[in-house]
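Report on the structure
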Amino acid sequence: MKKIILLIIVLSAIVACTNKPNAHAEFHVRGNCDMCKDRIDKTALSLKGVSDAAWDLENSLINVTYDSTIITSAEIEKAIAATGHATKNVPMDSIAHNSLPECCQVHGKEMH
């Protein structure tokens, strides 16, 4: 009986340690093409604490799953904006934006 109780305690501790607090965020990211999608997704996924990220070209929204004890959605937006892709909350880095391929540049389009 003691072994069973000890086993339950150990398994409970293991489960508690492996459950990472996950948060989900969805926000607009300006982009135009599949190259933009690759860049936006790779940037988000390269961040420590981000477990899933997918930017949708049709609606310009990225869905991100992340560990909120490691990173915030604002930090994710800042990292993406640093690659030259604006979000509604963070302006794009203009130097990075100007170095993007021509098809990825905005050229005065309004954020929608």
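Relevant structure appears above.
Procedures and definitions
- Position numbers for residues count from 1 along each chain, tracking the sequence in the order it is written.
- The predicted origin of the model limits local features to residues at a pLDDT of at least 70 and limits the giving and counting of side-chain atom pairs to 80 or more, whereas totals for whole chains, interfaces and linings rest on all residues.
- Heavy atoms throughout the structure, all of them, feed into the side-chain values; hydrogens and water do not.
- Runs of E in the DSSP output that reach at least two residues are strands. Runs of H or I that reach at least four are helices, and both are numbered from the N terminus.
- With a 1.4 Å probe rolled over the protein chains alone, any residue whose accessible area is under 20% of its type maximum counts as buried; one over 50% counts as exposed, and the rest are partly exposed.
- Only heavy atoms matter for contacts: two residues are in contact if any of them lie within 4.5 Å across the pair.
- For the area figures, the Shrake-Rupley method with a 1.4 Å probe applies, and any residue is considered shielded solely by the protein chains shown.
- Residues grouped as a nonpolar core are buried Ala, Val, Leu, Ile, Met, Phe, Trp, Tyr and Cys residues, joined through side-chain atoms within 4.5 Å.
- Simply put, an axis is a line fit to the C-alpha atoms, just over the touching stretch for a helix, and the angle between two N-to-C directions goes from 0 to 180 degrees.
- When an angle is under 35 degrees it counts as roughly parallel; over 145 it counts as roughly antiparallel; between 65 and 115 it counts as roughly perpendicular; any other value is oblique.
- Left-handed describes a crossing whose near helix is turned anticlockwise from the far helix through less than a right angle; right-handed describes the clockwise counterpart.
- Residues are sorted three ways: Asp, Glu, Lys and Arg are charged, Ala, Val, Leu, Ile, Met, Phe, Trp, Tyr, Cys and Pro are nonpolar, and all the rest, Gly among them, are polar.
- Polar contacts here mean pairs of N or O atoms no more than 3.5 Å apart (in protein, one a potential hydrogen donor and the other a potential acceptor; neighbouring residues in sequence count only if both atoms are side-chain atoms).

**Remarks on the overall build of the protein chain**
Secondary structure summary: the protein chain contains four helices and three strands in total. Listing every helix and strand of the protein chain by position from the N terminus yields α-β-α-β-β-α-α. Per-residue burial over the protein chain gives 38% buried out of 112 residues. Looking at the protein chain alone, contacts between residues at least 24 apart form 55% of all its contacts between residues at least 6 apart. A total accessible area of about 7,100 Å² is found for the protein chain, and carbon and sulfur atoms account for 60% of it.

**Looking at the environment of P91**
Turning to its location among the elements, P91 is positioned in the loop between α3 (73-81) and α4 (94-98). The class for P91 is exposed, based on a relative accessible area of 65%. It is 8.4 Å that separates the C-alpha atoms of P91 and K78, two residues lying 13 residues apart in sequence. Look past the residues within four positions of P91 in its chain and what remains in contact with it is A81 and A86.

**Comments concerning the nonpolar core**
F27, V50, I62, V64, Y66, I76 and I80 are the most contacted members of the largest nonpolar core, which totals 21 residues. Dropping the residues within four chain positions of it, V50 is found in contact with A44, L45, V64, T65, Y66, I71 and I76.

**A short note on the packing of helix α2 (residues 34-45) against α3**
At a minimum axis distance of 9 Å, the contact between α2 and α3 shows a crossing angle of 135°. Relative to α3, the element α2 lies oblique. In the packing of α2 onto α3, the handedness of the crossing is right-handed. Here I40, T43 and A44 of α2 lie close against α3, whose contacting residues are I76, A79 and I80. A per-class count over the contact of α2 with α3 returns five nonpolar, one polar and no charged.

**Remarks on the side chain of T65**
Checked against the element boundaries, T65 lands in strand β3 (residues 61-67). A relative accessible area of 14% places T65 in the buried class. Among the polar contacts listed, one links the side chain of T65 to the side chain of H24, at a separation of 3.0 Å. Apart from the residues lying within four places of it in its own chain, the contact partners of T65 are N22, A23, H24, G49, V50, S51 and D52.

Purely geometric stuff here, so don't read any function into it on its own.
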